[in-house]
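Descriptive analysis of the structure
Okay, here's what each chain looks like letter by letter:
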Amino acid sequence: MSDPQQPQVPPYAPQMPPQGFPDQPHHPAQPPSAQYAAPRQPAQGYVLNGQSMQTAPSGATANPAGRTGLILGFVALAISLVTGIAVQVLIRTADYSMFGAYSVVNGIGSLLALGAAVAALILGLIGIRRVGAPHAAAGIAVGIGIAQIISILFGWLSTVVGSFLYF
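Every chain is numbered on its own, with residues counted from 1 as its sequence reads. For this predicted model, a pLDDT threshold of at least 70 governs which residues receive local features, and a threshold of 80 or more governs which side-chain atom pairs are given and counted, while totals over whole chains, interfaces and linings are taken from all residues. The basis for every side-chain value is the complete set of non-hydrogen atoms in the structure, without hydrogens or water.

A short note on a nonpolar patch on the surface
Note the cut-off: Patch definition: residues above 30% relative accessible area lacking any salt bridge, with like charges linked at up to 9 Å and the nonpolar side chains Val, Leu, Ile, Met, Phe, Trp and Tyr linked at up to 5 Å. All accessible areas in this document rest on Shrake-Rupley with a 1.4 Å probe, and a residue is counted as covered only by the protein chains that are shown. Put simply, a salt bridge is a Lys or Arg side-chain nitrogen that is within 4 Å of an Asp or Glu carboxyl oxygen. Elements are defined by DSSP. Helices are runs of H or I of four residues or more, strands are runs of E of two residues or more, and each kind is numbered from the N terminus.
Among the surface-exposed residues, Ile-146, Ile-150, Phe-154, Leu-157, Val-161, Leu-165 and Tyr-166 lie close enough to one another that they form a single nonpolar patch of about 770 Å² accessible area. Assignment of secondary structure puts Ile-150 in helix H4 (residues 136-166).

Right under this line is the structure:
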């Protein structure tokens, strides 16, 4: 306990002799950073999951299920948009006696959009479960698929409830 312990110096720290003592051998003056500097190598990009961020993902690490699900999600949104516009055009250009045409256009468009949304959801979930693949497109596909499915189901529910209340 009476021994004072000296702080340990890391092995990579430069060992500088104390200056001002004449009995010490004279060392040439070199800056410590130049004496112990590692050789410089060209800068490389960040590495994420073992892959350099400067290169595009190869086919092995891409996520085709997520990308396809994202495309199908956008297709479902486009079908819903076109269906909504077509129904509005039918309402404004034809008389109310063509109620069957409104229902047919709306029903076919909703079924097509529902099919695309379910496919987007399934492919997005498959893409999310893929290990080592990017998940952004798959996550967006899942979000679009769920939102579109809920929207279509609420649209059908409001149509059914509305038909009982108004007729």
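Moving on from the coordinates now.
Let's talk about helix H2 (residues 64-93)
We count it as follows: Multiplying 1.5 Å by the helix residue count minus one yields the expected span of that helix. Here the term buried applies to any residue with accessible area under 20% of the maximum for its type, exposed to any over 50%, and partly exposed to those in between, with areas from a 1.4 Å probe on protein chains only. Contacts were defined at the residue level, with two residues in contact if any of their heavy atoms lie within 4.5 Å.
For H2, spanning 30 residues, the distance from its first C-alpha to its last is 43 Å, which sits close to the expected 44 Å at 1.5 Å a residue. Listed as buried for H2 are Ala-65, Gly-66, Gly-69, Leu-70, Gly-73, Ala-76, Thr-83 and Val-87. The secondary structure elements touched by the buried residues of H2 are helix H3 (99-129) and H4.

Describing the side chain of Gln-148
Along the chain, the position of Gln-148 falls in helix H4. Of the residues examined, Gln-148 reaches a relative accessible area of 6% and is grouped as buried. In this structure Gln-148 touches Ala-76, Leu-77, Ser-80, Ala-113 and Ala-117, once residues within four positions along its chain are discounted.

A closer look at the packing of H2 against H3
Operational definition: Fitting a line to C-alpha atoms yields each axis, with helices limited to the stretch in contact; the angle taken between N-to-C directions then spans 0 to 180 degrees. Angular relationships are summarised with four words: roughly parallel below 35 degrees, roughly antiparallel beyond 145, roughly perpendicular across 65 to 115, and oblique for the angles in between. Less than a right angle of anticlockwise turn of the near helix away from the far helix marks a crossing as left-handed, whereas a clockwise turn marks it as right-handed.
Put simply, H2 and H3 touch, their axes get as near as 7 Å, and they point 165 degrees apart. One finds that H2 runs roughly antiparallel with respect to H3. Judged by the twist between their axes, the crossing of H2 over H3 is left-handed.

A short note on the packing of H3 against H4
As a reminder, the rule being used: Amino acids are sorted into nonpolar (Ala, Val, Leu, Ile, Met, Phe, Trp, Tyr, Cys and Pro), charged (Asp, Glu, Lys and Arg) and polar (every other residue, Gly among them).
One way to put it is that H3 packs onto H4 with a least axis distance of 7 Å and a crossing angle of 150 degrees. The angle between H3 and H4 falls in the class roughly antiparallel. The handedness of the crossing between H3 and H4 is left-handed. Here Ser-110, Leu-111, Ala-113, Leu-114, Ala-117, Val-118, Ala-120, Leu-121, Gly-124, Leu-125, Gly-127 and Ile-128 of H3 lie close against H4, whose contacting residues are Ala-138, Gly-139, Ala-141, Val-142, Gly-145, Ile-146, Gln-148, Ile-149, Ile-152 and Trp-156. A class-by-class count of the residues in the contact of H3 with H4 yields 16 nonpolar, six polar and no charged.

Examining the nonpolar core
The nonpolar side chains of a soluble globular protein tend to be buried with one another. Defined as follows: Residues belong to a common nonpolar core when they are buried Ala, Val, Leu, Ile, Met, Phe, Trp, Tyr or Cys residues joined through side-chain atoms within 4.5 Å.
Within the largest apolar cluster, nine residues are counted, these being Ala-76, Ala-113, Leu-114, Ala-116, Ala-117, Leu-121, Val-142, Ile-149 and Ile-152. For this core, the elements supplying multiple residues, two or more each, are H3 and H4. The leading source of residues in this core is H3, at five residues. Excluding residues within four positions of it along the chain, Leu-114 makes contact with Ile-149, Ile-152 and Trp-156.

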